[in-house]
Amino acid sequence: MASWNIRGMSNMDKQDEVKNLIKDEKLSICAVLETHLKPGNIASIGNNVFKNWEWLSNISHSANSCRIMNLQLSWYGTIVYAKNTGNARRLLWKELVIQSLITKDKPWVVFGDFNVIRKLDEHTAGGSFLTEDMIEFNDCIESIEVDDLGSTGFHYTWTKSLKNLRCSVLKKLDRILVNDTFISSFPNAYGIFLPYIISDHSPAIIGITKSVNIVKKSFRFMDYIAYKDEFLDIVKDEWSKEVNGYAMFSVVRKLKNLKKGLKMLNWSYGNLHSKVDILKSKLKGVQQEVDDYPYDNGIRVAAQCVKHFKEFLGKATTVTPLNELGDIFTNKIPEDTARRMVMEVTNSEIKAAIFDIDINKASGPDGYTSCFFQKAWTVIGDEICSAVKEFFYTGKLLGELNATLIALIPKIDTPNKVSDFRPISCCNVLYKCISKILTNRIKEGLDLVVNHSQTAFIPGRSIQDNIMITQELLKGYNRVNGPKRCSMKIDLQKAYDTVNWQFLEAVLTKFGFHPKMVNWSLQPNFQSV
């Protein structure tokens with residue numbers, strides 16, 4: 001379904017564009033706003049545009065609601081066309097609050113032209129503070145418990161001038177707002193804001209996938225079951241079974257076989273999501289009681305992403321050897337420090353690394369969080385230590401432990417291309433443990449070789465020092481008189497994300513790191529067993 005502020009429907013070209021929108025987007029519902037039609041023309045133009053559709057016209061309210069149903073889907077929809085002034089919009093906010101009482105605990109979507117922005121970055125002219133109109137709009141959204149539906153396409157949905165877009169003022173005035181029940185009922189729903197075409201507003205499209213292929217969910221360890229009485233007994237039972245092979249292989253096999261028992265334990269306590277809904281309902285009741293008696297005791301995208309990151313991260317480039325640049329490595333790690341970095345890893349060191357990993361961190365491909373390892377340590381600790389030590393003995397890492405999930409986090413509200421996402425690596429806990437041990441040991445030598453002008457990522461140094469220096473340097477840059485000035489902002493993202501491993505090996509060696517430390521630091525990234 002869609003809404004479009006067409007700003008006048010008497011024009012034949014605009015009527016044709018609405019017809020094209022219905023046809024191209026295969027719409028079942030289409031709301032046309034700000035038609036500027038005289039009462040006598042509404043019927044003829046409506047019949048021309050919508051043909052055999054059922055349609056109606058209502059210009060007496062700024063928010064019209066209906067219940068939308070078919071054999072498979074049912075939800076409430078509210079179509080909004082807001083007034084131009086803050087005072088006039090207050091009536092709309094009150095109407096939406098009343099409608100939220102009717103649609104309570106039912107799927108609800110509120111979409112259309114709200115004529116006000118929510119955030120400062122939704123206006124190309126910017127600003128330094130939220131206006132009273134924006135605050136009232138955000139208060140209404142919070143009160144009716146809705147939020148923006150995930151969408152793509154245009155970020156700014158309104159332009160002041162179609163003739164000169166590059167010099168025009170742009171705003172995000174059109175929105176698609178949904179409540180939690182809508183998202184739960186239609187998890188595949190999405191929004192698209194299309195080009196303006198011949199209007200000053202973008203059409204807002206809402207897509208709801210009626211049926212999707214059911215994909216078997218991967219295992220994810222639920223931290224709460226680690227606190228159940230049966231948890232350690234299940235782990236002990238699986239851990240007591242003999243598995244032949246390397247220590248890493250034994251641990252991976254036992255973790256894999258343990259998943260079935262942990263799943264059964266999870267489901268034995270009922271549907272977690274259903275319990276969350278029940279608790280949320282109870283919370284609302286308690287909050288209501290407190291309010292009443294205050295003094296008594298909320299191409300396919302996947303393929304494109306794979307293609308992008310294969311091209312960006314999966315290609316190796318040749319580098320210039322550093323044999324003739326030895327004079328730039330003036331700082332070197334002393335031999336005794338280098339030897340301390342490669343001392344035998346102890347059980348206490350491994351345990352400290354495991355318990356230093358936040359239990360709220362995302363799990364890796366195997367589905368286990370650090371909470372599992374911490375709560376089951378009395379049972380599995382010895383084998384985990386043997387598996388970790390095996391890496392430091394051999395310098396090789398089992399492929400299953402080296403696996404990584406890449407999660408894409410949107411950098412902006414309406415991402416349109418793959419580069420609008422920030423890749424975050426979700427590694428297995430044992431991989432994190434090994435990395436943390438390496439990091440803690442390397443820290444000892446970093447301060448000796450990294451120049452003091454580098455104020456970030458080194459213990460005892462603060463990046464805020466450079467921020468303060470930059471602020472001092474940029475004072476007066478906007479003056480008309482005086483000497484000419486120039487500042488450059490350099491994006492090091494690509495260089496940082498695509499460091500050549502042979503180059504890194506050469507640099508670590510030149511700085512005096514022990515060969516064993518160099519091998520440990522590089523092996524997890526390109527060699528598995």
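Residues numbered from 1 in each chain as written. Predicted model: local features only at pLDDT ≥ 70, side-chain atom pairs only at ≥ 80, totals over all residues. Heavy atoms only, no water.

**What about the overall build of the protein?**
Within the protein one finds 19 helices and 14 strands. Expressed as a percentage of its 529 residues, the buried residues of the protein come to 38%. Accessible surface for the protein amounts to roughly 33,100 Å². Of this, 54% is attributable to carbon and sulfur atoms. (Helix = DSSP H or I, 4+ residues; strand = E, 2+ residues; numbered from the N terminus. Buried < 20%, exposed > 50% of the residue type's maximum accessible area, 1.4 Å probe, protein only. Areas by Shrake-Rupley, 256 points an atom, 1.4 Å probe, with all protein chains shown as cover.)

**Description of the nonpolar core**
F372 and F373 are the most contacted members of the largest nonpolar core, which totals 58 residues. The greatest single-element share of this core, amounting to nine residues, is contributed by helix α15 (residues 429-449). Counting residues in hydrophobic clusters, the runner-up holds 20 residues, among them L96, I141, W158 and L177. (Core = buried A, V, L, I, M, F, W, Y, C linked by side-chain atoms within 4.5 Å.)

**What about the sheet that holds strand β2 (residues 30-33)?**
The mixed open sheet is built from five strands, whose spatial order is β2-β1-β12-β11-β7. Only two strands of the sheet have a single neighbouring strand rather than two, namely β2 and β7 (151-153). Shown here is a sheet whose adjacent strand axes are inclined to one another by a mean of 15°, direction ignored. Strand direction decides the pairing type here: β7 and strand β11 (residues 190-193), joined by three bridges, are parallel. If you follow G153 over to β11, its bridge partner there is F193. Strand contacts of helix α1 (residues 12-24): β1 (2-5), β2 and β12 (204-207), with the helix running at about 160° to β1, the strand carrying the most contacts. (Pairing = 2+ DSSP bridges. Axes fitted to C-alpha atoms, helices over the stretch in contact; angles between N-to-C directions. Contact = heavy atoms within 4.5 Å.)

**Examining the confidence of the model for the protein**
Summary statistics for the protein give a mean pLDDT of 82 and a share of 84% for residues scoring 70 or more. Of all secondary-structure elements in the protein, the lowest mean pLDDT belongs to strand β3 (residues 63-69), at 51, while helix α11 (residues 347-355) reaches the highest, 95. (pLDDT = per-residue confidence, 0-100.)

**Some words on the packing of α11 against helix α13 (residues 377-394)**
Look at α11 against α13: their axes get within 10 Å of each other, and the N-to-C directions meet at 110°. Taken together, the axis directions place α11 and α13 in an arrangement best described as roughly perpendicular. The handedness of the crossing between α11 and α13 comes out as right-handed. Contact residues: N347, I350, K351, I354 and F355 in α11; W377, C385, V388 and K389 in α13. Across the contact of α11 with α13, the residue classes break down as six nonpolar, one polar and two charged. (Parallel < 35°, antiparallel > 145°, perpendicular 65-115°, else oblique. Left-handed = near helix turned anticlockwise from the far one by under 90°. Nonpolar A, V, L, I, M, F, W, Y, C, P; charged D, E, K, R; others polar.)

**Remarks on the packing of aromatic side chains**
In the structure shown here, the tally under the stated rule is 18 aromatic pairs. A centroid spacing of 6.0 Å and a plane angle of 85° characterise the contact between F355 and W377, whose relative ring orientation is edge-to-face. In this pair, F355 sits in helix α11 while W377 sits in helix α13, placing the two residues 22 residues apart along the sequence. Chaining the aromatic ring pairs together yields one cluster made of F219, F221, F231, Y368, F372 and F373. It is K172 that lies over the ring of F193; its NZ or CZ is 4.1 Å from the centre. K351 extends its terminal NZ or CZ atom over the ring of F355, reaching a point 5.6 Å from the ring centre. (Phe/Tyr/Trp six-rings, centres within 6.5 Å; stacked < 30°, edge-to-face > 60°. Lys NZ or Arg CZ within 6 Å of the ring centre and 35° of its normal.)

**Notes on the state of the cysteines**
On inspection of all chains with the given rule, the structure shows zero disulfides. With no disulfide of its own, C427 lies closest to C426 among cysteine sulfurs, the gap being 7.5 Å. Of the residues examined, C427 reaches a relative accessible area of 13% and is grouped as buried. (Disulfide = S-S within 2.5 Å.)

**Notes on helix α4 (residues 132-144)**
Here α4 is 13 residues long and its end C-alpha atoms lie 19 Å apart, about the 18 Å a rise of 1.5 Å per residue gives. Of all the residues in α4, the buried ones are M134, E136, F137, N138, C140, I141 and I144. Summarising the contacts, the buried residues of α4 are in contact with α3 (86-102), β5 (108-113), β6 (146-148) and β10 (174-179). The positive-phi residue at the C-terminal boundary of α4 is E145, with phi of around 60°. (Expected span 1.5 Å × (residues − 1).)

**Describing a nonpolar patch on the surface**
Nonpolar side chains collect at one region of the surface, where I469, L473, L474 and Y477 lie side by side and expose about 380 Å² of accessible area between them. For L473, the location among the structural elements is in helix α16 (residues 464-473). (Patch = residues over 30% accessible without salt bridge, like charges linked within 9 Å, V, L, I, M, F, W, Y side chains within 5 Å. Salt bridge = Lys/Arg side-chain N within 4 Å of Asp/Glu carboxyl O.)

**Brief notes about the packing of helix α6 (residues 231-239) against α13**
At a minimum axis distance of 9 Å, the contact between α6 and α13 shows a crossing angle of 35°. Mapping the contact onto sequence places L232, V235, K236 and W239 in α6 and T378, V379, I380 and E383 in α13. When grouped by side-chain class, the residues that make up the contact of α6 with α13 number five nonpolar, one polar and two charged.

**A word on a negative patch on the surface**
Together, D229, E230, D233 and D237 line one region of the surface with negative charge. Here D233 lies in helix α6. What makes D233 exposed here is its relative accessible area of 51%. (Lys, Arg positive; Asp, Glu negative; His and termini not counted. Charge placed at Lys NZ, Arg CZ, Asp CG, Glu CD.)

**Some details on unusual backbone geometry**
One non-glycine residue, D105, lies in the positive phi region at around 65°. Assignment of secondary structure puts D105 in the loop between α3 and β5. When its relative accessible area of 56% is taken as the criterion, D105 is described as exposed. A positive phi angle, near 65°, is found at I197, a position not held by glycine. Judged by relative accessible area, I197 falls into the partly exposed class, the value being 47%.

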